[in-house]
Amino acid sequence: METNLPTPASPIATLIPDELESPPLSLGQLTWRRFRRHKMAIFGAVTLVLIILYTFGGMLFVSEADANRTDTGARMQAPSIEHPFGTDTIGRDIMARTIYGGQISILIGLTAMFVELLIGVSIGAFSGFFGGKTDSILMRFTEAVLVIPQIFLLLVMAKYFAQSIPNIEMLGRTFSGSVVVIIIVIGITSWPYLARIVRSQFLSMKEYDFVLAARATGASTRDIIFRHILPNSIAPIIVAGTLGVAAAITLEAYISFLGMGVRPPTATWGNMLEGAYNYIDTAWWLWFFPGILIALIVLAINFLGDGLRDALDPHSRAV
Amino acid sequence: MRLHNLLKTMSRYIIRRLLQAIPLLFIISMILFILMQNMGDPVATMGGRKVTRSEDRIRLTRQLGLDKPILVQYLYWLVGNDWTKTDLDGDGVAETPGKRRGVLRGDFGVSLVNRKPVTMVVGERLSNTLLLMLTAEAIILVASLLIGIYSALHQYTAMDNTITTLTFILYSMPVFFFALLTMYIFAVNFKAWGLPYLPTVGMFEPEQGKTVSQVAWHMVLPVATLSFGFIAGYSRYIRSTMLETMGQDYVRTAKAKGLPRPEIIYIHALKNAALPIVTIVALDLPFLLGGAIVTERIFGWPGMGRLFLDHVSRSDTPVVMGIMMMIAVAVIIFQLIADVLYAWLDPRIRYK
């Protein structure tokens, strides 16, 4: 507990001159100082790095052709030295698929989060800054989206956009067009909560003196929004974005699991699980490895987000 | 008595909220309707395995009103078409009066898949989903209250730390992974070890019949799957509100007066600590429904979630729209109930 009462060991008295003269800490340094005390967050960060190393480092040892090569002679083989995670129903190596599927899952998580940020921040910022009619129209729209549970909206939209989208060639690899569909669909159903957070930030922030000062010096509306208010409300956006990645990875897994997500040949952790529950009593390795990877990455990102929330909080005094 | 007075003072607020819900439902129904129209041809899958002849297709499309412009279809869906005539035989003369009465008059239309009224199709499944959800909700509340209070009263002990870690892990665990893991342990492995094992599919064994004990036994895994994440989340929440209230002045006063500890904890502190849970339970209803989709799919539970999945994949607009609009109305009503309950339980809250 903190008190404002002067105590014999008051902070000023114990500061050594060197500390008094050192330049003030930047936001990044302050955040890092608080973040590294958060054991769970450090655990999350380390786990996340390990998973990323596994999925992207694994590329060096296994080619994508291996991940998609079917071998009907070796169907549903239990984990062995040759296939450490076993093989699936058409004889593909599950370890190779978790490596390449993980890349797609992480990619979907990150890009869907950017789509979410783009929509959520713009709607929230306009709504909060301009108020009045703009605000009430945008907020009615936000509420309308929130009234339907996200997974229902996702399934309808995934079906809507899923009509024969061609495969995409990129970096010498072929991606199923459904990856793009899933990214967009997750992005455009996830933004309402973020929009509300940003709106409330803007609502309070626009009354602050520094905004008045910026106006007085003749700053344009665009500058006030993007250079003055937005950087000052970045903390909750970073936290929401981090947690948004975990949510997007889970959502991708849900819809792929339900058979409406990313289509073959592209593997994701989610679509590796599709239909796996039919083999619950014969082949546990079909669902266990992709499942545990999803659970781990979501846990890691949630820990990270939690740590960031505490570390970025300007009211938290622990340095 | 107080609730009565409160409702009277809140009536303006309640009426305003209900009026605000009208444009909301209008917007969302329009968006969903337009999305549904472009999801593929429902007539294509109607004949089952038989290939439908193209003249049959055209006739069916006309009979179902699917040849009309989308806004007209939406209008018919919303207010019905009994005030107008349609052309059923394709000779260009509108001769048959419409029979649909529209959603606004309680007619959700007829399923394109099995030609049964939507209210009937959904009604058959609704009770199964409600059974699952209400049981889950009861277990969520009891378990999270017990766990939350226990860890608040034993803050920073080894047990509390274990609970904290466990709840964090469960909170992040995807529903399907939990379902598959528990299925594997309690159904597959328990069977292999010769222990009494849990069933994984359906509501009852066909040869045993639909008895209470059969259904209860089949509900264990689905209910556990549906509730674990919420138990984890809520118990964290109750722990923190409980810790907060235990530090309040009035609790200290109660202690100073020498009241017995259980009375302080369960009557003075808990009453205030559990208050926010009321709102959260009402607002989390949509998430519980979302979890029900995955749960019902995995465990083959014949509820609304599976109904929704089956009919989305066959582009059955009336059923899908019906389910989503019912959910939307339920969500709005529960939000309102949460507001009223909160004002009733906490006299400091006043709505304008």
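Keep in mind that this is a model prediction, so the values were computed, not measured.

Here we come to the overall build of chain A. The secondary structure content of chain A amounts to 14 helices and two strands. Here chain A, with 319 residues, has 43% of them falling under the buried criterion. Restricting to contacts in chain A with at least 6 residues of sequence separation, those with at least 24 account for 71%.

What follows deals with the overall build of chain B. Each helix and strand counted, chain B has 13 helices and two strands in total. Taking 20 Å as the expected radius of gyration for a compact globule of 352 residues, we find that chain B reaches 26 Å, considerably beyond that expectation. Summarising its shape, the C-alpha atoms of chain B cover approximately 90 × 60 × 35 Å along the three principal directions.

Given 3.6 residues to a turn, an α-helix orients residues that are three or four positions apart in the same direction. All names here are of chain B. Taken together, the buried positions of helix α3 (residues 70-79) are occupied by Gln73, Tyr76 and Trp77. Along the long axis of α3, the arc covered by the buried residues comes to 100 degrees, so they all point the same way. Downstream of α3 by one or two residues, Gly80 has phi in the positive range, about 85 degrees.

Residue and element names in this part refer to chain B. Remark: helix α10 (residues 275-283) packs on helix α13 (residues 317-345), axes separated minimally by 8 Å, with the N-to-C direction vectors making an angle of 170 degrees. Overall, the two elements α10 and α13 adopt an arrangement that is roughly antiparallel. Taken together, the residues of α13 that come into contact with α10 (itself represented by Leu275, Val278, Thr279, Ala282 and Leu283) are Phe334, Gln335, Ile337, Ala338, Leu341, Tyr342 and Leu345. Along the lines of polarity and charge, the residues of the contact of α10 with α13 split into ten nonpolar, two polar and no charged.

Take unusual backbone geometry next. Residue and element names in this part refer to chain B. Phi at Tyr156 takes a positive value of approximately 65 degrees, unusual for a residue other than glycine. Take Tyr156: it is sitting in the loop between α4 (118-153) and α5 (158-172). Overall, Tyr156 belongs to the exposed group, with 9 C-beta atoms counted inside 10 Å. The phi torsion at Ser315 lies on the positive side, around 55 degrees, for a residue other than glycine. In this structure, Ser315 sits in the loop between α12 (304-313) and α13. What makes Ser315 buried here is the crowd of 21 C-beta atoms within 10 Å.

This part is about the interface of chain A and chain B. If you look at the interface, chain A gives 32 residues, while chain B gives 35 residues. Residue composition of the side of chain A that touches chain B, by class: 24 nonpolar, four polar and four charged.

This part covers the confidence of the model for chain A. Residues and elements named next belong to chain A. A residue-level look at chain A finds 90% of positions with pLDDT of 70 or above and a mean pLDDT of 83. Mean pLDDT values for the elements of chain A range from 52 in helix α1 (residues 11-14) up to 92 in helix α6 (residues 94-130). Counted against residues more than four places away or in other chains, residues 1-10, with its pLDDT under 50, gives two contacts.

This part covers the environment of A:Ser200. Within the secondary structure, A:Ser200 sits in helix α9 (residues 178-205). With 15 C-beta atoms packed within 10 Å, A:Ser200 lands in the partly exposed category.

On to the nonpolar core, then. Counting 149 residues, the largest nonpolar core has A:Leu154, A:Leu155, A:Ile182 and B:Met324 as its most contacted members. Looking at this core, the element that brings in the most residues is helix α14 (residues 285-312) of chain A, giving 17 residues. In this structure, A:Leu154 is in contact with A:Val185, A:Ile186, A:Thr189, A:Leu251 and A:Ile255, ignoring residues within four places of it in sequence.

Moving on: the confidence of the model for chain B. In this model, chain B carries a mean pLDDT of 84, and residues with pLDDT of at least 70 account for 93%. Across the assembled chains, the prediction reports ipTM 0.84 with pTM 0.86.

Take the packing of α9(A) against helix α12 (residues 234-257) of chain A next. Residue and element names in this part refer to chain A. Their axes nearest at 10 Å, the elements α9 and α12 cross at an angle of 150 degrees. In terms of axis orientation, α9 runs roughly antiparallel to α12. As for how α9 packs across α12, the hand of that crossing is right-handed. Facing α9, whose interface residues are Ile182, Ile186, Ser190, Leu194, Ile197, Val198 and Gln201, α12 presents Pro236, Ile237, Ala240, Gly244, Ala247, Ala248, Leu251, Glu252 and Ile255. Taken together, the residues that form the contact of α9 with α12 break down as twelve nonpolar, three polar and one charged.

This paragraph deals with helix α11 (residues 285-299) of chain B. All names here are of chain B. The end-to-end C-alpha separation of α11 is 21 Å, in line with the 21 Å expected for 15 residues at 1.5 Å each. Counting buried positions along α11 gives 14 out of 15 residues, so the element sits mostly inside the fold. A positive backbone phi angle near 55 degrees is found at Gly300, which sits one or two residues after α11.

What counts as what
- Residues numbered from 1 in each chain as written.
- Chains lettered and ligands numbered in written order.
- Predicted model: local features only at pLDDT ≥ 70, side-chain atom pairs only at ≥ 80, totals over all residues.
- Helix = DSSP H or I, 4+ residues; strand = E, 2+ residues; numbered from the N terminus.
- Buried ≥ 20, exposed ≤ 12 C-beta atoms within 10 Å, placed from the backbone.
- Contact = placed C-beta atoms within 7 Å.
- Rg over C-alpha atoms; globule rule 2.2 N^0.38 Å.
- Arc of directions from axis to C-beta.
- Axes fitted to C-alpha atoms, helices over the stretch in contact; angles between N-to-C directions.
- Parallel < 35°, antiparallel > 145°, perpendicular 65-115°, else oblique.
- Nonpolar A, V, L, I, M, F, W, Y, C, P; charged D, E, K, R; others polar.
- pLDDT = per-residue confidence, 0-100.
- Core = buried A, V, L, I, M, F, W, Y, C linked by C-beta atoms within 7 Å.
- Left-handed = near helix turned anticlockwise from the far one by under 90°.
- Expected span 1.5 Å × (residues − 1).

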